[in-house]
Amino acid sequence: MTTTVPPVPPEGPIPDPAGRVGLPPGTRPPDSRFVNDDLLPVPVAERRWTTYNFAALWVGMAHNIPSWLLASGLVALGMDWKQAVFTIALANVIVLAPMLLTGHAGPRYGIPFPVLARASFGLRGANLPAMIRAGVACAWFGIQTWIGGQGIFVLLGKIFGGWAEASEIGGQPWTLWLCFVLFWVLELAIIYRGMEALRRFENWAAPFVIVGALVLLVWIAVKAGGFGPLLDQPSELGWGADFWPVFFPSLMGMIAFWSTLSLNIPDFTRFGAGQRAQVWGQTLGLPTTMTLFALLSVFVTSGSQAVYGAAIWDPVELAAKTDNVFGLLFALVTVLVATISVNIAANVVSPAYDLANLAPKLITFRTGALITGVVGVVIMPWKLTETPELYIFTWLGVVGGLLGTVAGILIADYWLVRRTVLDLPGLYTPGGPYWYTAGWNLRAVAAFAVGGVLAVGGSHSAPGKGPFPEDGLIPFLRPLADYGWAVGLAASLLLYLALMTGRARRAPAA
C-alpha cells in the first residue's frame, strides 16, 4: 500500500508560545524542485541547541591555527601587540551585529541560509548568494585542511623522524600528502554523520582546545621564566598618520574572517531552542573567544622570543620544539581537534546546504559536503596565505566586500522590509510570494551588483604584492576599497531598501 504525503494545509504554519514557526507535522511543500529533507524547516520539537551549544560552537571554531596567526599577520604589517589585539577585538564586536540579525530567522523559522535568501533574491535567485558563499567556504576548507595536514606532518615527523626527507611528489614529501589526505578523510567522515554529530563533537572539542592552548602557554612561560621582550616591542606605525591606512583595511580583513558566518549562521541557529540561546551563545562565544585567543597568541609568542631568541608565531612549529613524546602527542591531538572543529562547522556545513539548494532533487546535505571536500582540494586555495598582504588585503578584503553586500540585502529584507515576518510555505512554492520574476528578484540582483562594485571595484595591490593594479581595478573607487565590507553592506542595504519600498508585500502573519 502506498501513502500520499498531504500538502501544507490552508491554515499554514503553526507557531509555538516562544514565537518559533514550523510546518504542521507530516506535511511538506509538494514541489520537489525547491525542497528536500535537508532544506525543510527543522521541526519545532527538534530545535534544542542551548546557549552552551552555541558558545561551544564558537569556541571550537575560533580556536584554530589561522585565527591564532591573525595577530602575527597584523604584527608583521607593523602593529604592536596592543594594536593587533584591539583590531581583532573591535572587528569581532562589529561582525557580531549582522551575525545576530541574520541568525534570528534560524530559531524562528528553522530554515537554513539559502532558504532565507529566497525571501530577498527569489527561489532561483537565492542560488547567487548561496554559490558565492559556497565558493568561499570551499577555498577556506582547502586552506584549513592543508594547514591541519602540515601540523600533523610536523608533529609526527618529530615523533618518528625522517618524514621531511621522504621522496617528493609535486614538490612536497609524500608523507605530507599522506597526512593531508588522511586529515581530509577524517573531516568528511565526521560531517557525513550529520548536524547532531557535529553538535556533540563541538561540545567536547571546545573545552579540549582551550586546555591545549593553556598548556602551551604554561609550558612556554615555565621555560621562559616569564614573558619576553615582544610585549615591549614598539609599534612601527605609531598611532598617527602611518597607522590608519593600515588599520582600516586590516579591520575590514578581520571582519571578513567571520563575515562568512554572518551570512550562513541560520544553518546553525535553525536548531536553536529560542532567540535567547542563539543571542547569548554567540555573544558569549565569538568576540570574547577571539580576543582572548589573540592575547594568548601574543603571550605565547612573546615567551618563545625569550626562550629561542626569535618570535615563533606558528603554534605547531613551537610545539615541535619539545622533545617530550607525550607533549608532542598531546599537541598533535589538539591541532587535529582544533582544525577539524572549525573546518567542519565553518566551511563544510554552509556549502553542503548551498549546493543542496542548487539542485534539491539530486544533492543532499551529505552529497554537498562531499562535493565541498573535492572542490576545496582541486582549487588549491592554500596559496592565498603565502604573504600577509595577500592573505589580509586581497583574500579577506575582497571576500569581505562581497559577503558584506549579501549581508546588507538579507538584513534589509528580513528586518526592514518584512519586519521578521515570512510566509514559510511560500519559501518553497513556485509562483508564490517570493517568485518575483521567474524566480529572481531583480531588485536584489541590482543592489548586489552595485554594492559589490562599490565594495571591491577599487581593489588595489602594492607593486609586486598582489594581483590588482596599483591604482585599483576602477581607480576612482580606490578610496573605498579599504572599507570594502562596510561599504558593501551599507550600499546594498540602502539601495535594496529604496528599490523595495512601496513594492514589497509583507507576508501574512504566521
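Here is what the cut-offs are and how they apply
Residues numbered from 1 in each chain as written. Predicted model: local features only at pLDDT ≥ 70, side-chain atom pairs only at ≥ 80, totals over all residues. Heavy atoms only, no water. Helix = DSSP H or I, 4+ residues; strand = E, 2+ residues; numbered from the N terminus. Contact = heavy atoms within 4.5 Å. Areas by Shrake-Rupley, 256 points an atom, 1.4 Å probe, with all protein chains shown as cover. 1 Å grid on protein atoms, 1.4 Å probe; cavity = no way out; pocket = protein on both sides within 12 Å on 5 of 7 lines; lining within 4 Å. Points joined across faces, edges and corners; volume = space filled by probe spheres on them. Salt bridge = Lys/Arg side-chain N within 4 Å of Asp/Glu carboxyl O. Buried < 20%, exposed > 50% of the residue type's maximum accessible area, 1.4 Å probe, protein only. Patch = residues over 30% accessible without salt bridge, like charges linked within 9 Å, V, L, I, M, F, W, Y side chains within 5 Å. Phe/Tyr/Trp six-rings, centres within 6.5 Å; stacked < 30°, edge-to-face > 60°. Polar contact = N/O pair within 3.5 Å; in protein donor to acceptor, adjacent residues only side chain to side chain. Core = buried A, V, L, I, M, F, W, Y, C linked by side-chain atoms within 4.5 Å. Expected span 1.5 Å × (residues − 1).

(A) Just the overall build of the protein, in detail. Regarding its fold elements, the protein presents 19 helices and 4 strands. Intrachain contacts of the protein at a sequence separation of at least 6 include 80% that bridge at least 24 residues. As displayed, the protein has an accessible area near 19900 Å², and 67% of this comes from carbon and sulfur atoms.

(B) Quick peek at empty space enclosed by the protein. With the rule as written, the count across this model stands at 1 cavity of 30 Å³ or more. The space that makes up the largest cavity amounts to roughly 80 Å³. Lining the largest cavity are N64, W140, Q144, F257, W258, T260, L261, V342, A346 and N347. Sorting the residues of the lining of the largest cavity by element identifies helix 6 (127-160), helix 9 (244-264) and helix 13 (325-347) as the ones contributing at least two each.

(C) Structural context of the pattern of salt bridges. According to the stated counting rule, one finds 2 salt bridges in the structure shown. In this structure, D413 engages R418 in a salt bridge whose closest nitrogen and oxygen atoms are separated by 2.9 Å.

(D) Seen up close, unusual backbone geometry. Non-glycine residue R419 carries a positive phi angle of around 55 degrees. Positionally, R419 belongs in the loop between helix 16 (388-417) and helix 17 (442-456). A relative accessible area of 53% means that R419 is categorised as exposed. The backbone of Y436 shows a phi angle near 50 degrees, a positive value even though the residue is not glycine. Looking at where Y436 falls in the secondary structure, it is placed in the loop between helix 16 and helix 17. Residue classification places Y436 among the partly exposed residues on the basis of a relative accessible area of 26%.

(E) Local environment of the environment of E187. Looking at where E187 falls in the secondary structure, it is placed in helix 7 (residues 174-191). With relative accessibility at 0%, the residue E187 sits in the buried group. It is 7.9 Å that separates the C-alpha atoms of E187 and N343, two residues lying 156 residues apart in sequence. For E187, the contacting residues outside a window of four places in its chain are F141, T145, T339, I340, N343 and I344.

(F) Just the environment of W280, in detail. Structurally, the position occupied by W280 is in helix 11 (residues 275-308). Along the sequence, W280 and T51 sit 229 residues apart, while their C-alpha atoms lie 6.1 Å from each other.

(G) Geometry of a nonpolar patch on the surface. Taken together, the side chains of I169, W174, L178 and L182 make up a nonpolar region of the molecular surface, amounting to roughly 390 Å² of accessible area. In this fold, I169 is placed in strand 3 (residues 168-169). By relative accessible area, which is 52% here, I169 ends up exposed.

(H) Summary view of the packing of aromatic side chains. Going through the model one piece at a time under the given rule, you end up with 19 aromatic pairs. Judged by centre distance (5.6 Å) and plane angle (90 degrees), the rings of Y414 and W415 are edge-to-face. Y414 sits in the buried class, given a relative accessible area of 3%. W415 gets classed as partly exposed once you look at its relative accessible area, which sits at 27%. Chaining the aromatic ring pairs together yields one cluster made of F86, W239, F243, W244, F247, F248 and Y483.

(I) Expanded view of the environment of G60. By the secondary structure assignment, G60 is in helix 1 (residues 51-62). The spatial distance from the C-alpha of G60 to the C-alpha of G285 is 9.2 Å, given a sequence separation of 225 residues. Ignoring any residue separated from it by four or fewer positions in sequence, one finds G60 in contact with E202, A206, A338, S341 and V342.

(J) Broad picture of the side chain of T291. On the secondary structure map, T291 appears in helix 11. Looking at T291, its side chain comes within polar contact range of the main-chain oxygen of P287, at 2.8 Å. Once residues lying within four places of it in the same chain are set aside, the contact partners of T291 are V85 and A89.

(K) View of the nonpolar core. By size, the foremost hydrophobic cluster in this structure holds 105 residues, and its most contacted members are M61, L155, W258, L261 and F268. No other element matches the 11 residues that helix 13 contributes to this core. Once residues lying within four places of it in the same chain are set aside, the contact partners of M61 are W258, L261, S341, V342, A345 and A346. Formed by 21 residues, the second largest nonpolar core is a distinct cluster that contains V21, V115, L116 and A119.

(L) Quick peek at helix 15 (residues 365-378). In this model helix 15 runs 20 Å from its N-terminal to its C-terminal C-alpha over 14 residues, within 8% of the 20 Å that 1.5 Å per residue would give. Positive phi shows up at M380, right after helix 15, with a value of about 45 degrees.

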